[in-house]
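Notes for the structure review
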Amino acid sequence: MGAAALLGWLLFSLRGHLPRRNDVIDAPITLITSDREDLGCAADHSFGRYRCEYQAADRRWPAPPAPAEQLAAYYTEDRRMFLIPGLFQQPALAARYAQEPPTQVSRDSLHRFTARCKLRLLQKTDEFQVRWVRGKDWSPGSAAWVAEPIECHIQEGR
Amino acid sequence: MFRSLTSRLRRSLGDFARSMGEDAPLFAVLFALLVIGVLLRAHRLDDPKVLKWDEVHYVETARAYLAHHYAYNDHPPLSKLIISAFMAVIGDGPVGWRLPSLLFGLGNFAIIAWLTWTVFRSKRAAWIAAAFVAADGFFIAYSRTALLDGMIVAFSLLSITILLVGRRWWHVLLAGLFVGCATSFKLNGLAFVGTAMVICLASRALRRFTPLLLLTGLLVFYAQAAFTLWLVGRPFSPSAVVAENVAMVTHHLSYTVVHPMSSHWYTWFLPTRPISLRRDVDIDGSIRTLVTLGNPLLWWASTLAVIAVAVTVIRTGPRRIWALLKADGTPPGPRADDAPTAGADRSFLQDRAGALLWVLAAWAAPIVFWIPSLRDSYIYHFLPSYAFGLVLLAGLTDRMYRRYRLHTLLAVVLVAEVTLFYAPIWSELPLTQTALHARLFFPFWR
C-alpha cells in the first residue's frame, strides 16, 4: 500500500518543471535604449528590497528606490512579463545604452535588441500597474514574476 | 420498534466492520479514492472568479430571475432556479454559482452506492461504485462548474433506484418527481421518463401506478416552468408554459451551426472529443485546465461491463427475464450456495437479470435519445449513461474480487494511480504543456 501511495504521489507530481521561487531561468528580453527611462511600474508595496519607481499611477515614492533596486516591467520575446530591478545597471546593458543614447534620436529610430539574461525568480505578482512610455497612460499589469538579473549579454536584432 | 431498529443497525454495522476488517486493503484504497474525489471537487471552487463555458448562460439567467426579469432559456429553468437560490443566500460569486453542482456531485456518491447495492445486494459493491464516481474526472468536472449535468445524473439515478426498490404508489410518485426534475433540467431527461414508464409497466406491483408517474412528472415540469414565469411577471397558465417550451424546442431544432466541441454518440465510447471547460495559461507558460475526460481505465472498463452484462441478460432468456420483471422489481440477496466460482457468478447475475436489464436500459436511453436527433450532441450527454455503466462495473468488480482478490485489488489500485495521474487536469493544478499532452495522449483529446 505504501508503494502504491508513493507511486500515486509520483504520478500526481509529474506536471513538468514549473518555475518556482529561486529558480534561475533564461529570459530573452526585448528592448530599445529609451526603455531605461520610459518603462515604469507602480505598486503600493515592496517586493523584498525592490520597489517600483511609483507607489501609484503618477505618484512617486517619497523616498525613491536606488537605481539598482528600482523595478520596471519588461517583456521577453515570447511575451512573458517580468518585473526586474536595475536591468540597465547590468554591465552589458549599460554599455549598450552608451552606444545608442536615446536623447539624440527619435524613439522610432532606435534599434531593437535582445538582452539574454539569467534571472532568479523571487515572487509572482499581479498587483501592479505598468507604463510603457513616460508621460503616457498607466494600465493594469498581468501576472508577472519579480526576478533579479544575474548576468546578461546582448544580441542585436536583425 | 425502536429497539428492533437499533439492534438491526448494530448488527448491520457489526457485519460491515467485520467485512471491512477482512477487506482492509481494498477499503483503504476505496476510502482514499473517496477522499481524493472530495478534495478534487472542492479544491479552489471559487477559482476562476469569472464565468467560463456555459456557466455564462446559466448564471446570467439566474441573475435575471433574482431581479425578476425574464431571460430566454435554452433549457427548462429548474437548474437556474436552484443556482439563483444559492446565489440569493451565499451571494453572486463563484461559490454561489458552483456550490449546487458541488453538492449534487457529492450526493451522487451516495446515490450511485444505493443503486449499486439495490442491484447487486453487496455493500462492498456499493462502496466500489461510490469510489469510482468519486475518482472519475467526468463527474469531478461537473461538480466544479455551474453546469447542470451532474444534477441530471442525480435524479436519473434516483428515479431508477426508487422503482427497483419500490412496491407502493408513493414510490412511483417519487419516481415521477425525480424524472420530472431530470426533464426540468434538460429536455433530454425525457429519456428517463420513458425508461421509468417501461419499468412501471413491466412490474406487476407498479403497473397500475404508471399514470401517476406520468402525471407527477408532468406536474413537476409545469410547476417549475410556471413558477419561473410567475417570478418574472409573465402569464403562467398551462398554455403559456406550453408556448414557452414550444419556442424553446423550435429554437433548438433551428440550430444549424455545428460546434467544434460537438461529438456524435458513437464517439462517446472512446471518447474523441472531451471538452476543456476551462484553460488558462499563466505568464510562466504553466497551464491550468479542467477537462471532461473520465478516468480512461474506468471509461473503457465500464463499456466492457455493459457488454458483459448485456450478454448475460441475453443468455438469461426472455422468458426468465419476464418472470423476474413481473414478480418483484427488487433483486434477491445472494444465494446460500454463492461460492466464488464462475458458475455462481453466472447464476448470481441471472437471478437479477431483470434489474440489470433496467440498468442497461437507463444506460442506453440517453444515448438512444441522440441517435435520431438533428441537434448536435456533446460528450456531456453521455454523463448519465456513464453513471449507470459504473454501477455495472462496480458490481462486476465486486464479483471478481470474490474470486481473484489480489488481482482485483491491484486493478482498483491501478484505478487510483490513474486518478492521481489525471488529478491535475481535473482540479486545475498548474502543469506544463508537455505534462498536459502526456495525459491527453490522443491528439484529438487536446
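Keep in mind that this is a model prediction, so the values were computed, not measured.

Take the confidence of the model for chain B next. Regions with low pLDDT carry predicted coordinates that are not meant to be interpreted in detail. With 95% of its residues at a pLDDT of 70 or more, chain B has an overall mean of 91. For this predicted complex, the interface confidence score (ipTM) comes to 0.77, while the overall pTM stands at 0.84.

Moving on, we come to the sheet that holds strand β8 (residues 113-125) of chain A. Whenever strands of a sheet pair, they do so through backbone hydrogen bonds, lying parallel or antiparallel. All names here are of chain A. The strand order β1-β8-β11-β7-β6-β3 describes an open sheet built from six strands, whose pairing is mixed. Every other strand in the sheet has two partners, leaving β1 (24-31) and β3 (51-52) as the edge strands with one partner each. Sheet analysis places β3 next to strand β6 (residues 70-75), joined by two bridges and oriented parallel. Each residue of the ladder has a partner; that of arginine 51, found in β6, is glutamine 70. The sheet strands contacting helix α3 (residues 91-99) are β8 and β11 (144-156), and the helix crosses β11 at an angle near 55 degrees.

Attention now goes to the pairing of strand β1 (residues 276-281) of chain B. Relative to strand β2 (residues 287-291) of chain B, β1 of chain B runs antiparallel, the two sharing five bridges. Of the residues in β2 of chain B, the one forming a bridge with arginine 278 of chain B is leucine 290 of chain B.

As a further point, take the packing of helix α1 (residues 2-13) of chain A against helix α18 (residues 405-426) of chain B. Running from N to C, α1 of chain A and α18 of chain B point in directions that differ by 25 degrees, and their axes come no closer than 7 Å. By the angle class used here, α1 of chain A and α18 of chain B are roughly parallel. Read as a crossing pair, α1 of chain A and α18 of chain B show a hand that is right-handed. Facing Ala4, Leu7, Gly8, Leu11 and Phe12 of chain A of α1 of chain A, the residues of α18 of chain B in contact are Val413, Ala416, Glu417, Leu420, Phe421 and Ala423 of chain B. Classifying every residue of the contact of α1 of chain A with α18 of chain B by side-chain character gives nine nonpolar, one polar and one charged.

Residues and elements named next belong to chain B. Of all five residues in β2, five are buried, a share of seventy percent or more. Where burial is concerned, the two faces of β2 agree: the one with Ile287, Thr289 and Val291 and the one with Arg288 and Leu290 are both buried. What sits between β1 and β2 in their antiparallel hairpin is a turn of five residues, with glycine 285 showing a positive phi close to 90 degrees.

Before going further, it helps to examine the interface of chain A and chain B. Taken together, the contacts link 18 residues of chain A with 19 residues of chain B. Sorting the residues of the side of chain A that touches chain B by element identifies α1 and β11 of chain A as the ones contributing at least two each. The dominant element in the side of chain A that touches chain B, judged by the number of residues it contributes, is α1 of chain A, at five residues. For the side of chain A that touches chain B, the residue count by class is twelve nonpolar, four polar and two charged.

This next bit is on the nonpolar core. Residue and element names in this part refer to chain B. The biggest cluster of nonpolar side chains holds 137 residues, and the ones touching the most others in it are Ile112, Ala129 and Leu390. Take this core: its biggest share by element is twelve residues, from helix α5 (residues 94-120). Beyond its immediate sequence surroundings of up to four residues, alanine 129 is in contact with Ile112, Ala113, Thr116, Leu390, Val391 and Ala394.

With respect to the helices and strands, arginine 60 of chain A occurs in strand β5 (residues 59-60). Beyond its immediate chain neighbours, meaning those up to four positions away, arginine 60 of chain A contacts Glu53, Tyr54 and Gln55 of chain A.

On to the environment of leucine 190 of chain B, then. Among the secondary structure elements, leucine 190 of chain B is positioned in helix α10 (residues 190-202). Counting along the chain gives 131 residues from leucine 190 of chain B to valine 59 of chain B, while the straight-line C-alpha distance between them is 24 Å.

Residue and element names in this part refer to chain B. One can find arginine 234 in the loop between α11 (210-231) and α12 (238-253). Residues arginine 234 and alanine 416 lie 182 residues apart in sequence; the distance between their C-alpha atoms is 51 Å. Not counting residues up to four positions away in its chain, the partners in contact with arginine 234 are Tyr70, Leu229 and Ala240.

Moving on to α10 of chain B. Taking 1.5 Å of rise per residue, 13 residues should cover 18 Å, and α10 of chain B covers 19 Å from first to last C-alpha, within 8% of that figure. Check the buried side of α10 of chain B and you find it contacts α8 (149-165), α9 (169-185), α11, α14 (318-327) and α16 (353-370) of chain B.

Residues and elements named next belong to chain B. Taken N-terminus to C-terminus, the directions of helix α13 (residues 296-316) and α18 make an angle of 130 degrees; their axes are 8 Å apart at the nearest point. One element, α13, and the other, α18, form an angle in the oblique class. Along the contact surface, α13 presents Pro296, Leu297 and Leu298, while α18 presents Leu414, Val415 and Val418. Class assignment for the residues of the contact of α13 with α18 results in six nonpolar, no polar and no charged.

Rules used throughout
Residues numbered from 1 in each chain as written. Chains lettered and ligands numbered in written order. Predicted model: local features only at pLDDT ≥ 70, side-chain atom pairs only at ≥ 80, totals over all residues. pLDDT = per-residue confidence, 0-100. Pairing = 2+ DSSP bridges. Helix = DSSP H or I, 4+ residues; strand = E, 2+ residues; numbered from the N terminus. Contact = placed C-beta atoms within 7 Å. Axes fitted to C-alpha atoms, helices over the stretch in contact; angles between N-to-C directions. Parallel < 35°, antiparallel > 145°, perpendicular 65-115°, else oblique. Left-handed = near helix turned anticlockwise from the far one by under 90°. Nonpolar A, V, L, I, M, F, W, Y, C, P; charged D, E, K, R; others polar. Buried ≥ 20, exposed ≤ 12 C-beta atoms within 10 Å, placed from the backbone. Core = buried A, V, L, I, M, F, W, Y, C linked by C-beta atoms within 7 Å. Expected span 1.5 Å × (residues − 1).

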